[in-house]
Amino acid sequence: MRKSIRKATSLFLLVMGAAGLLAQKTVLPVPGTEVYQFALDVNKVGAEISPDMYGVFFEDINFGADGGLYGELIKNRSFEFEHPFTGWTPYGNVTIQTKNPIFDRNPHYARLSYQKELTFTGLDNEGFRGIGVEEGEKYDLTFYARTVTNDPITLRFHLVNEANDLFEEKKVEVKGKNWTKYSVTLTPNRSALKATFRLVMETKGTVDLEHISLFPQKTYNNRKNGLRADLVQALKDLKPGVFRFPGGCIVEGNDLGTRYQWKHSIGAVENRPININRWNYTFHYKKFNDYYQSYGLGFYEYFLLCEDLDAEPLPVLSCGLACQYENHDPNENCPVDKLQPFIDDALDLIEFANGPATSKWGKIRAEMGHPEPFNMKYLAIGNEQWGELYIERLEPFVKQLREKHPEILIVGGSGPGSEGEAFDHLWPEMKRLEVDLVDEHFYRTPEWFLGSAARYDSYDRNGPKVFAGEYACHPNNRENSFLTALCEAAFMTGMERNADVVTLATYAPLFAHVDAWQWRPDLIWFDNHSVVRTPNYYVQQMYATNPGTHVLSLTMDNQPLTGQKDLYATAALDKKTNELIVKVANTGMAHRRVKMNINGLTGKHRGTLSLLHSTEMEAKNTIADPDQIVPVKSDVEIDAADWQLRLKPFSFSVYRIKL
Ligand code: AHR
């Protein structure tokens, strides 16, 4: 009988047989009568929880950078995509030229000739699945131009909506045969989610145009070349301790030529050479021929963002191997004896981030506007690499980094999977190489997450620390949902309980444009106007805003809570605020009553409860309904001698109690 109740009440078993009850989508709670006994010891202060522990991993996937976080509204602003008119619709006599360019690393520009009346010559830009503009806001249009014929040329700039109605217009006169930068402010008199940018020649003649750029003035912190304010705010609200960037697979490239090269991503934005984005062609069933990296959001901007977020930067660099999934050509792997330029990239990056403003790379940082160092302390070499190919390349990196920068914490990898041959080979090698952290990636099923809450309990306490650098619960339909969020919340209790082993954790991927995604689930969805925080986002936020400073002992029957009676739990002390933090996931359909037997605390104490809960397993937040699943906060008062927790079915609760 008890067995059958467990069967009926366990999410673990539900998801194992997902065709069964879970397919009903709504799971009706059942009453639970038994009172379970938890033992919490406030005097037994355990491992320190890294202040950097919960962070974010950013990659330009799903139009996360260009078309997303990066504020630029014009796609292919420099006409450098493989097909230079991608994103543009030319009208009349418009050609692409490369002679006497203004920017040597982005040499293509557009030449527009207007001779015949009754026609028009111009260009439309479609933006990134349209251009999102808000009524009354100001948008800075800048471009470089020169006349080819003698007389000045007047250009008109329009914003038009989906119905082709004009709703903003400005004119600029271009004079002279030398390249000159022009700017004008557009102030739309209505909002549009998918506007088109249009430029039209008003006077006859020939004109050259380059780097046509449109930015909202209201970027985060009103920065020029800035980031979309609402998306940065969503990151800020996560209070991330660490920020891993810029990938992911884009670090590797499908061949070495298309790997992410950080040196291409700094200096004047106009002259940062663009790169194809591998998510342009990775999935045969989801091609995005308009997906390139402008590098407008480059390493300097990433470091600035880390400062804004008060998060530790954690850049990932190529180890000299192209993506091992996609490229099996041995010639695409940089030979070990030719690896020095790759190692120099790592050493130079440390100087760019941390060196004095008088050093070669520190000077560039200072000239870009940041004389003070960024104080980078983490550096990852390689993303999802495996085998001897990786080890023999990582080794010389580690040697030189240790010699020249013993202060840098080196992150090595454990391959693309959470276990298996590559993983089992790499972990001992990481120990031998004495890297500081090992990056683990796990995109796994709900049952894996629920079954792995004890994963880190048995890890070697004396080896490198774990950085769970990419993880997300992937159900069959690969959608974000309350179910996946709850499974992640349950699993993460095991990370936090093992904070002496796991010191960093970042969900992946971070962003996805609703009209241009390649991969899901993702933490934050957006369109050109709005942001949607998923239930998974709220789980991350509940952890990151309530980390505590030290692990406390919390058990049931002398065992950590790793799924017994569908309960997963961890406790922490916040020495800074003198608070007790208890996180409990109930993944079963029964209400759970728990008596918290506390050693080391007496009397009544006030605090808060943040609760994420639903009986709709597939409930999700959408653009139309962004707040379907949000944590609800309430005040609580506990009596330490008699603290009874009433845990709702399918819930994640975070108690924060003032001591
Ligand atoms: O997060 C999406 C991709 O998953 C990353 O680019 C890669 O590291 C992993 O395979």
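Calculation rules
- Starting afresh in each chain, residues are numbered from 1 along the sequence in its written order.
- Under the rules for a predicted model, residues below a pLDDT of 70 receive no local features and side-chain atom pairs below 80 are neither given nor counted, while totals for whole chains, interfaces and linings still include all residues.
- Water and hydrogen atoms play no part in the side-chain values, which are based on all heavy atoms of the structure.
- By convention in this text, a residue qualifies as near a molecule or strand provided that one of its non-hydrogen atoms is within 4 Å of it.
- Pairs of N or O atoms are called polar contacts if they sit within 3.5 Å, as long as, within protein, a hydrogen donor faces a hydrogen acceptor (for residues adjacent in sequence, only side-chain-to-side-chain pairs).
- We get accessible surface area from the Shrake-Rupley algorithm with a probe of 1.4 Å; when it comes to residues, only the shown protein chains can shield them.
- Gly counts as polar in this scheme, as do all residues outside two lists: the nonpolar Ala, Val, Leu, Ile, Met, Phe, Trp, Tyr, Cys and Pro, and the charged Asp, Glu, Lys and Arg.
- Known as pLDDT, the predictor's per-residue confidence is scaled from 0 to 100.
- What makes two residues a contact is simply this: any of their non-hydrogen atoms within 4.5 Å.
- Lines are fitted to the C-alpha atoms to define the axes, a helix being fitted only along its stretch in contact, and any angle between axes, read from their N-to-C directions, falls within 0 to 180 degrees.
- By definition, any uninterrupted DSSP run of H or I lasting at least four residues is a helix, any uninterrupted run of E lasting at least two residues is a strand, and each is numbered from the N terminus.
- By the definition adopted for this analysis, an angle is roughly parallel if under 35 degrees, roughly antiparallel if over 145, roughly perpendicular if from 65 to 115, and oblique otherwise.
- We call a crossing left-handed when the near helix sits turned anticlockwise from the far one by less than a right angle, and right-handed when that turn is clockwise.
- For the exposure calls, accessible area comes from a 1.4 Å probe over protein chains only, and a residue counts as buried if that area is under 20% of its type's maximum, exposed if over 50%, partly exposed in between.
- Segmentation of the chain into domains, including their bounds, is taken from an automatic or database domain assignment.
- Buried area is a sum: the accessible area each of two parts loses on coming together, probed at 1.4 Å, counted once for each and added.
- Salt bridges are defined by distance alone: a side-chain nitrogen of Lys or Arg within 4 Å of a carboxyl oxygen of Asp or Glu.

**Overview of the site of the ligand**
Move 1: In the vicinity of the ligand, the contacting residues are E59, I61, G248, C249, W279, N383, E384, Y443, E470, P509 and W519.
Move 2: A distance of 2.5 Å separates an oxygen atom of the ligand from a polar atom in the side chain of E59.
Move 3: Y443 places a polar side-chain atom, nitrogen or oxygen, 2.7 Å from an oxygen atom of the ligand.
Move 4: Expressed as a share of its isolated accessible area of 280 Å², the protein-covered part of the ligand is 96%.
Move 5: In the shell around the ligand, the residues fall into 6 nonpolar, 2 polar and 3 charged.

**Here's the deal with the confidence of the model for the protein**
Move 1: On average, the protein scores 95 in pLDDT, and the residues at 70 or more come to 96%.
Move 2: In the predicted structure, residues 1-9 sits below a pLDDT of 50 and forms 16 contacts with residues beyond four places in sequence or in another chain.
Move 3: For the stretch residues 16-23, pLDDT sits under 50, and the model shows 9 contacts to residues farther than four places along the chain or on other chains.

**Re the packing of helix α3 (residues 229-236) against helix α5 (residues 299-309)**
Move 1: Viewed as axis vectors pointing N to C, α3 and α5 meet at an angle of 55°, and their least axial separation amounts to 10 Å. Here α3 lies oblique to α5, going by the angle between them. α3 and α5 meet at a crossing whose hand is right-handed. Contacts from V232, L235 and K236 of α3 reach α5 at L305, D308 and L309.
Move 2: The class makeup of the residues in the contact of α3 with α5 is 4 nonpolar, no polar and 2 charged.

**Quick look at the environment of F650**
Move 1: Mapped onto the secondary structure, F650 falls in the loop between β33 (643-647) and β34 (651-658).
Move 2: Its relative accessible area of 0% is what places F650 among the buried residues.
Move 3: Here the alpha-carbon distance between F650 and T608, two residues 42 residues apart in the chain, equals 19 Å.

**Focus on the domain arrangement of the protein**
Many analyses report the size of an interface as the accessible area lost when the parts associate.
Move 1: When the domains of the protein are assigned, the result is domain 1 (2-49 + 550-658), domain 2 (54-71 + 219-544) and domain 3 (88-216).
Move 2: Each of domain 1 and domain 2 was reduced to a C-alpha centroid, and the two centroids are 31 Å apart.
Move 3: With 42 residues of domain 1 at the contact, the number on the domain 2 side is 34 residues.
Move 4: Roughly 3,000 Å² is buried in total at the junction of domain 1 and domain 2, and carbon and sulfur atoms are behind 75% of that figure.
Move 5: Taken as a group, Y568, I623 and F652 account for 18% of the area that domain 1 buries against domain 2, more than any other trio of residues on that side.
Move 6: Connecting domain 1 to domain 2 are 2 salt bridges.
Move 7: We note a salt bridge from K620 to E479, for which the minimum N-O separation is 3.1 Å.
Move 8: Among the elements of the structure, α2 (11-16), β1 (35-48), β28 (567-574), β29 (579-586), β31 (604-613) and β34 are those that each provide at least two residues to the side of domain 1 that touches domain 2.
Move 9: When its residues are assigned to classes, the side of domain 1 that touches domain 2 shows 26 nonpolar, 10 polar and 6 charged.

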